[in-house]
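Summary of structural features
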Amino acid sequence: MKYFTKFESKSVADQLIEKALFYKTNPRIDHTVGTGKRIGCIFLNPSLRTRASTQIAALNLGMEPIVLNMDKEGWALEMKEGAVMNKGTVEHIKDAAAVLGTYFDILAIRAFPSLTNKQEDMEDFIFNQFVKYSSVPVISLESAVRHPLQSLADMLTIQELWKGAKKPKVVLTWAPHIKAIPHAVANSFAEWAIGCGHDLTITHPEHNHLDDNFTRGAKIELDQQKALENADFVYVKNWSGFNDYGKIVNTDSSWMLTEKHLKHAKNAKVMHCLPVRRNLELSDEILDGKRSIVQRQAENRIYAAQSVISHILG
Ligand code: CP
């Protein structure tokens, strides 16, 4: 595996989950696998979990992580091919990516979407510039359209907790937000849940659907209450408009998940990738209650990243 950017296959996902579960009980067992190697963690956007968990994962493997907050500390990057750089940008992305490729054995990149240029975002333009010009293995730390390390941790969390004989019923439910939020977490969660064979239902307000390239194979149910019935896992997430691209198309606070919403899903566990806006996306009663597994998901980010880095290092 040279790139970790999306769901590849159930067999790869199963291997990564199995290895991650192994690392969770033996975090330092492969502490020499990465000796003498460096991973560059390049952030064009803020992060708490991804930044810390990826560094810890690398350190557990004996690899040296170096973090560059390029949005704050780097030169202003030019993205356009053939640009005459006579304005604010200082360094072209192809020069920066090529340099980084000579410094690191693995590059890990976070590059959010603009939410203004749909075509560029759909092509994952910025992320793919790093893939194209760096010539080293690349891990996505969340791109314009996907957040695969989060999804791997989510699948691992479901597998850890699900003891039933049948497939779990997994529900991805839209939540209100005051800002226009990217689609990456929701896209990726759908892609991985479907790929891993879960019984996935997606619920959202009308006109708030996701890109159907990611949701094909899931059941779409616009009645949130109906969707949540007998759910085993409920994933709460906001996303902005896809047709009305990057716009806040709904602010209906009745979509915020509370205990009342789960009256017909008495054993449902509640998931969120974090950061979460309390009492806007998800109620305190859920987040502070027994159903919440958000801290477990966040902890599992370490072992998901460790499994991926280890796989790339071979
Ligand atoms: N879930 C997640 O990716 O968190 P951060 O944005 O804090 O890294």
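Scroll up a little and you will see the structure.
These remarks concern the structure in this document. (Residues numbered from 1 in each chain as written. Predicted model: local features only at pLDDT ≥ 70, side-chain atom pairs only at ≥ 80, totals over all residues. Heavy atoms only, no water.)

**Regarding the pattern of salt bridges**
- According to the stated counting rule, one finds 12 salt bridges in the structure shown.
- Here E160 and K24 are joined by a salt bridge, their closest N and O atoms 2.8 Å apart. One end of the pair, E160, is in helix α7 (residues 148-161); the other, K24, is in helix α1 (residues 10-25), with 136 residues separating them in the sequence.
- According to the relative accessible area criterion, E160 is buried, its value standing at 17%. (Salt bridge = Lys/Arg side-chain N within 4 Å of Asp/Glu carboxyl O. Helix = DSSP H or I, 4+ residues; strand = E, 2+ residues; numbered from the N terminus. Buried < 20%, exposed > 50% of the residue type's maximum accessible area, 1.4 Å probe, protein only.)

**Some details on the pairing of strand β6 (residues 106-110)**
- Counting buried positions along β6 yields five of five residues, so the element is predominantly enclosed.
- Across the two faces of β6 the burial is the same, with I106, A108 and R110 and L107 and I109 all buried.
- Looking at chain direction, strand β2 (residues 38-43) and β6 are connected through five bridges and run parallel. Within the sheet, the bridge partner assigned to C41 lies in β6 and is A108. (Pairing = 2+ DSSP bridges.)

**A word on the nonpolar core**
- I39, I139, L172, F189, L200 and I309 are the most contacted members of the largest nonpolar core, which totals 52 residues.
- Element by element, the count of residues in this core is highest for helix α12 (residues 294-313), at seven residues.
- A domain split of this core shows at least three residues from each of domain 1 (3-146 + 301-313) and domain 2 (149-298).
- Sequence-distant contacts of F189, defined by excluding residues within four places in its chain, comprise S151, D154, M155, I158, V170, L172, L200 and Y235. (Core = buried A, V, L, I, M, F, W, Y, C linked by side-chain atoms within 4.5 Å. Domains from an automatic or database assignment. Contact = heavy atoms within 4.5 Å.)

**A short note on the sheet that holds β6**
- Strand order in the open sheet formed by five strands is β1-β7-β6-β2-β3, and the pairing between neighbours is parallel. Looking at the sheet topology across the chains shown, the edges are occupied by β1 (3-4) and β3 (64-69).
- Where β2 meets β3, six bridges bridge the pair, whose relative direction is parallel. Residue pairing across strands places F43 opposite N69, the latter belonging to β3.

**Quick word on the environment of V294**
- In this fold, V294 is placed in helix α12.
- Of the residues examined, V294 reaches a relative accessible area of 5% and is grouped as buried.
- In sequence terms V294 and K260 are 34 residues apart; their C-alpha atoms lie 19 Å from each other.
- If we ignore the near neighbours within four places in the chain, the residues touching V294 are V270, M271, H272, L274 and L287.

Everything listed here is a matter of geometry and, on its own, says nothing about what the molecule does.
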